[in-house]
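Descriptive structure summary
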Amino acid sequence: MVAYRAVITRASCFHWNLSVLVTFLSLCHLQIVNCLRDVKCEPITVPMCRDVGYNMTYMPNQFNHHTQDEAGLEVHQFWPLVEIKCSADLKFLLCSMYTPICLVEYSKPLMPCRSVCERAKAGCGPVMRQYGFTWPERMQCENLPEFGDPENLCMDSNHTNEGTNKPTIPAMTRPGNLYTRRPTQEPCECGCNDRLISVPEAHPYHGRVSTGGVPNCAAPCKSAFFTEDEHTFATFWIGLWSILCFVSTLMTVATFLIDMGRFKYPERPIIFMSGCYLLVSLGFIIRLIVGHEQLACNGDYIRMGSTGPAMCTIVFLLIYFFSMASSIWWVVLSFTWFLSAGMKWGSEAIASYSQYFHLAAWLLPSIQSITVLALSSVDGDPIAGICYVGNHDVTKLNGFVLAPLFMYLIIGSSFLLAGFVSLFRIRSVIKQGGRKTDKLEKLMIRIGIFTVLYTVPATIVVAILIYEQHSRSTWERSITCPCESAQASKPEYAVFMLKYFMCLVVGITSGVWIWTGKTLTSWQGFTNRLLGRKACPKRERTYTCKPVILKTIPNSQV
């Protein structure tokens, strides 16, 4: 009897403990599920799924996408199929799988029903097979629950099977693993939207301008692709480098003026390059003082196809004329290095042709500038706020800017390469003769540094101009005809900031050539001349004597 009671007592205790444990685990499970749901439920941000019938989802989904951005990149591959409406159930199927509905009161994932998947597959499967695609493995209908299963609830849409009819479809391609839609036969409405300005009939621009293929549609005073903060930073960025360029080149030119005999050919073209960049930076500084709107704008419009006011013309000549002249002086520098190193010409022999160098360096940019002014091709830069050419006409950009810069860069680099080959040959001959080559190696290092400091920025500027002329029509069409492209195209802001920096950095680095002890000696001699001090006879370019200290002899020792 005692044993029986003991068994009953133990059974009762076990049953009570088991009940408590089950109740505790159930409460914990519900609490954990509710906590997780509260943390992970988030509004749907995937554009295609915002109007699918529910607005909350959770991540990660069944495809292990941890963020909606990851899910959106993959689900938008099917956007062409959704847009052509091969099945009315496809969009609901995709969104319910990639952005599943989030329900706090239901602990299991709520999947779409198998019938939804079968209807979508019946409508879109033939379209995909027609273009060589198969139904995705991860979306197989057999893996989804059937409608009416009490243990596995599922979602079904209210659409009927009418969406499974074969639709009229456009051509589709698949670059990589993405579906991309080509333009359909349906007309695409293009126009001058609120980011651009429509030109009225009474305005002088009427009938003369077009943007993105839309006539009488003009660009605003500031670029429609960038924000006001980006324009403000562009002003600061360009102003900073133009001031540094002005200071550096002014120091180089001043050093030349106080000691002209020090800079002989083939080095002298560097001084003329610095002088050109001095005036280029001055043009940017004038823009900084005058302002964007007063210089590059014609009312609310950006200046297009006109010479503009006198200040606009002055800034154009300072920046365009002297930037082209600096490029020609770069060619002259490379050519004189070639004559000196490869042809063994002396400084006096090279200097005898200096008048021809000046003729080429100043005449060719003059012809280019006069042609631009005669054609009324000066226009405003909507980012930098300067007056230049080719900012709105790709043909003029190619003819007046890109082609000359590319030609000058190729010619100068060819002469420079030939000069370096000759210098290396001379160095090897000298070494074979047992003589030292320290001075020659220092000269080669200085030439190499200066070459890199010019060639790299010039090459980058040419590359950015090619990128700009190749993409400008696409950028403009993305505004006037957004229906032609699923994604808006816009220029890279950092690329344009790099272009303006590279246009000025050569002037800053041109001072490398005067960063020697001889510069200090030159300025010391100039200071002594200003103060009326007597200079010693020139010996190895030394302009002042060391002070002579006279030692006083006491009278007792005389």
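This structure is a prediction, so every number in the text was calculated from the model and none was measured.

1. A few points about the nonpolar core
The nonpolar side chains of a soluble globular protein tend to be buried, and buried together. Core analysis: the biggest nonpolar cluster contains 80 residues, and Met-273, Tyr-320, Trp-329, Val-389 and Val-401 have the highest contact counts within it. Elements with a minimum of two residues in this core: helix H6 (228–258), helix H7 (268–290), helix H9 (310–341), helix H11 (354–374), strand S14 (387–389), helix H12 (394–432), helix H13 (438–480) and helix H14 (493–509). Counting residues per element, this core draws most heavily on H9, which supplies 18 residues. Apart from residues no more than four positions distant in its own chain, Val-389 is found in contact with Phe-316, Tyr-320, Val-372, Ser-377, Asp-379, Lys-396, Phe-400 and Val-401. Val-82, Leu-90, Cys-95 and Met-128 belong to the second-largest nonpolar core, a separate cluster that totals 37 residues.

2. Section: the confidence of the model for the chain
Close inspection of predicted coordinates is inappropriate in any region flagged by low pLDDT. Scored by pLDDT, the chain comes out at a mean of 78, with 76% of its residues at no less than 70. Here strand S5 (residues 172–173) is the element of the chain with the lowest mean pLDDT, 33, and H11 is the one with the highest, 95. This stretch, residues 1–39, has a pLDDT under 50; its non-local contacts, to residues over four places away or in other chains, come to twelve contacts.

3. Observations regarding a nonpolar patch on the surface
Among the surface-exposed residues, Phe-233, Phe-236, Leu-240 and Leu-244 lie close enough to one another that they form a single nonpolar patch of about 350 Å² accessible area. Considering the arrangement of structural elements, one finds Phe-236 in helix H6.

4. Structural notes on the pattern of salt bridges
According to the stated counting rule, one finds seven salt bridges in the structure shown. Glu-228 is paired through a salt bridge with Lys-222; the nearest N and O atoms lie 3.0 Å apart. A relative accessible area of 22% places Lys-222 in the partly exposed class. Note that Glu-293 is salt-bridged to Lys-222, the shortest N-O span being 3.4 Å. A residue pair is termed long-range when its members are at least 10 positions apart, and Glu-293 in helix H8 (residues 292–296) and Lys-222 in the loop between strand S10 (217–218) and H6 qualify at 71 residues. The exposure class of Glu-293 is partly exposed, given its relative accessible area of 39%. Connected through salt bridges with shared partners, the residues Lys-222, Glu-228 and Glu-293 form a single ionic network.

5. Here we look at the packing of H6 against H14
Between H6 and H14, the shortest axis-to-axis distance is 8 Å and the interhelical angle comes to 10°. Relative to H14, H6 is oriented roughly parallel. Residue-level inspection shows Glu-230, Phe-233, Ala-234, Trp-237, Ile-238, Trp-241, Ser-242, Leu-244, Cys-245, Ser-248 and Thr-249 of H6 in contact with H14, the latter providing Tyr-493, Met-497, Tyr-500, Phe-501, Leu-504, Gly-507 and Ile-508. Looking at side-chain class alone, the contact of H6 with H14 contains 13 nonpolar, four polar and one charged residues.

6. A word on the state of the cysteines
Per the counting criterion, the structure on display carries eight disulfides. The residue that forms a disulfide with Cys-221 is Cys-297, at a sulfur-sulfur distance of 1.7 Å. With the S-S bond torsion at 70°, the cross-link from Cys-221 to Cys-297 turns out right-handed. Of this pair, Cys-221 sits in the loop between S10 and H6 while Cys-297 sits in strand S11 (residues 297–298), and the two are 76 residues apart along the sequence. Cys-297 matches Cys-221 in its accessibility class, with the two residues each being buried.

7. Structural notes on helix H5 (residues 114–130)
Residues spaced three or four apart along an α-helix face the same direction, because each turn holds 3.6 residues. Between its terminal C-alpha atoms H5 stretches 24 Å, which fits the 24 Å expected from 17 residues at 1.5 Å a residue. The largest bend along H5 reaches roughly 40° and is located at Cys-124, with the proline Pro-126 sitting one to four residues downstream. When we look at burial in H5, the residues that qualify are Val-116, Cys-117, Arg-119, Ala-120, Gly-123, Cys-124, Gly-125, Val-127 and Met-128.

8. Concerning the packing of H6 against H7
Taken N-terminus to C-terminus, the directions of H6 and H7 make an angle of 145°; their axes are 8 Å apart at the nearest point. Crossing angle aside, the handedness with which H6 passes H7 is left-handed. Residues Thr-235, Ile-238, Gly-239, Ser-242, Ile-243, Cys-245, Phe-246, Thr-249, Leu-250, Thr-252, Val-253 and Phe-256 of H6 touch H7, and the partners they reach there are Arg-268, Ile-271, Ser-274, Gly-275, Tyr-277, Leu-278, Ser-281, Leu-282, Phe-284, Ile-285, Arg-287 and Leu-288. Among the residues making up the contact of H6 with H7, the classes are represented as 14 nonpolar, eight polar and two charged.

Scoring rules and cut-offs
- Residues numbered from 1 in each chain as written.
- Predicted model: local features only at pLDDT ≥ 70, side-chain atom pairs only at ≥ 80, totals over all residues.
- Heavy atoms only, no water.
- Core = buried A, V, L, I, M, F, W, Y, C linked by side-chain atoms within 4.5 Å.
- Buried < 20%, exposed > 50% of the residue type's maximum accessible area, 1.4 Å probe, protein only.
- Helix = DSSP H or I, 4+ residues; strand = E, 2+ residues; numbered from the N terminus.
- Contact = heavy atoms within 4.5 Å.
- pLDDT = per-residue confidence, 0-100.
- Patch = residues over 30% accessible without salt bridge, like charges linked within 9 Å, V, L, I, M, F, W, Y side chains within 5 Å.
- Areas by Shrake-Rupley, 256 points an atom, 1.4 Å probe, with all protein chains shown as cover.
- Salt bridge = Lys/Arg side-chain N within 4 Å of Asp/Glu carboxyl O.
- Axes fitted to C-alpha atoms, helices over the stretch in contact; angles between N-to-C directions.
- Parallel < 35°, antiparallel > 145°, perpendicular 65-115°, else oblique.
- Nonpolar A, V, L, I, M, F, W, Y, C, P; charged D, E, K, R; others polar.
- Disulfide = S-S within 2.5 Å.
- Expected span 1.5 Å × (residues − 1).
- Bend = angle between axes of the 7 residues up to and from the residue.
- Left-handed = near helix turned anticlockwise from the far one by under 90°.

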